[in-house]
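Spelled out, the chains give:
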Amino acid sequence: MATDLNEDFMRRAIALATENVRSNTGGPFGAVIVKDGDIVGEGVNTVTATNDVTAHAEVNAIRAACRNLGTFDLSGCELYTSCEPCPMCWAASYWAHIRTIYHGNRAEDAERIDFADYFLYQQLAKPRSQRIIPEHELLREEAWESFQAWADSINKIEY
């Protein structure tokens, strides 16, 4: 059940998204990260402005929150985003240990204006052999060396 405060954070994400379009900075996506009732990071889609396909609003907000809080672990934080996160942003939210995700539009809504979010969810649901971009396993045994180095390291910072 959304509270008035939740709605205020969502309205901020929506306002960021709308302003991003109106200023011709990027796509119609905005996001805020909240911890203990305070906004600790904001982001908008800057894919075309930065020529960075990973510069989605949620990723930019996560990066800002991590910078502002001095940590890569956003446990206890909430994500408010103007649209259901694409698979990349959804995964980034899990990696960051976001507690809750609130979204405005759905992936199907983004598809209606020619964004591929819903298509990507469909691709992920398919077996690897049926996805549009072919995937091939290569040098798996050699690649294990880096994983073994990680497993053996006494200096690693787990995340």
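Up top is the structure.
About the cut-offs
- Residues numbered from 1 in each chain as written.
- Predicted model: local features only at pLDDT ≥ 70, side-chain atom pairs only at ≥ 80, totals over all residues.
- Heavy atoms only, no water.
- Pairing = 2+ DSSP bridges.
- Helix = DSSP H or I, 4+ residues; strand = E, 2+ residues; numbered from the N terminus.
- Right-handed = clockwise from strand over helix to strand, strands pointing away.
- Contact = heavy atoms within 4.5 Å.
- Buried < 20%, exposed > 50% of the residue type's maximum accessible area, 1.4 Å probe, protein only.
- Polar contact = N/O pair within 3.5 Å; in protein donor to acceptor, adjacent residues only side chain to side chain.
- Phe/Tyr/Trp six-rings, centres within 6.5 Å; stacked < 30°, edge-to-face > 60°.
- Salt bridge = Lys/Arg side-chain N within 4 Å of Asp/Glu carboxyl O.

Q: Explain the pairing of strand β4 (residues 100-105) residue by residue, including any values.
A: Two strands pair when backbone bridges link them, and strand β3 (residues 77-83) and β4 are joined in this way by five bridges, in the parallel orientation. In the strand pairing of β4, Leu79 is matched with Ile101. A crossover connection joins β3 to the parallel β4 through helix α4 (residues 87-95); in handedness this β-α-β unit is right-handed.

Q: I'd like a rundown of the environment of Ile132, residues and numbers included.
A: Residue placement: Ile132 occurs in the loop between α6 (117-125) and α7 (140-152). The contact partners of Ile132, leaving out residues within four places of it in the chain, are Phe119 and Gln123.

Q: Tell me about the environment of Asp52, and please be specific about residues and values.
A: Its location among the elements puts Asp52 in the loop between α2 (47-50) and α3 (57-69). You can call Asp52 partly exposed: its relative accessible area is 25%. Excluding residues within four positions of it along the chain, Asp52 makes contact with Val47 and Arg63. Separated by 2.6 Å, the side chains of Asp52 and Thr54 make a polar contact.

Q: Hey, could you go over the packing of aromatic side chains for me, with residue numbers and the actual values?
A: Here the structure, examined in full by the defined rule, presents eight aromatic pairs. Judged by centre distance (4.9 Å) and plane angle (90 degrees), the ring pair of Phe29 and Phe115 falls under edge-to-face. Taken together, the residues Phe29 in the loop between α1 (4-22) and β1 (30-35) and Phe115 in the loop between α5 (107-112) and α6 connect sequence positions 86 residues apart. Their ring planes at 70 degrees and their centres at 5.5 Å tell us that Trp144 and Phe147 sit as a pair that is edge-to-face. Remark: Phe147 and Trp144 occur in helix α7; sequence separation between them is three residues, near one turn of the helix. Ring pairs connect the aromatic residues Phe72, Trp95, Trp150 and Tyr159, which therefore count as one cluster.

Q: A description of the pairing of β1 should follow, citing residues and the corresponding values.
A: Across the six residues that make up β1, a large majority, five, are buried. Two strands pair when backbone bridges link them, and β1 and strand β2 (residues 38-44) are joined in this way by six bridges, in the antiparallel orientation. Its bridge partner being in β2, Lys35 is matched across the sheet by Asp38. Where β1 folds back onto β2 in an antiparallel hairpin, the turn is made up of two residues, including Asp36, whose phi is positive at roughly 50 degrees. As defined by bridge partners, β1 adjoins β3 across five bridges and the pair is classed as antiparallel. Residue pairing for β3: Ala31 is matched across the bridge by Thr81.

Q: Quick one: what's the story with the side chain of Glu78, residue by residue and with numbers?
A: Among the secondary structure elements, Glu78 is positioned in strand β3. Look at Glu78 and you get buried, because its relative accessible area is 14%. Within polar-contact distance, the side chain of Glu78 engages the side chain of Tyr80 at 2.9 Å. A distance of 3.4 Å separates polar atoms of two side chains, one belonging to Glu78 and the other to Arg99.

Q: Give me the pattern of salt bridges: which residues, what numbers.
A: Enumeration according to the criterion identifies seven salt bridges in this entry. Measuring nitrogen to oxygen at the nearest pair gives 3.4 Å for the salt bridge that ties Arg99 to Glu78. Of this pair, Arg99 sits in the loop between α4 and β4 while Glu78 sits in strand β3; the two residues are 21 residues apart in sequence, bridging distant segments of the chain. Arg99 sits in the exposed class, given a relative accessible area of 53%. Between Glu135 and Arg131 there is a salt bridge, with the nearest N and O atoms lying 2.9 Å from each other. Judged by relative accessible area, Arg131 falls into the partly exposed class, the value being 21%.

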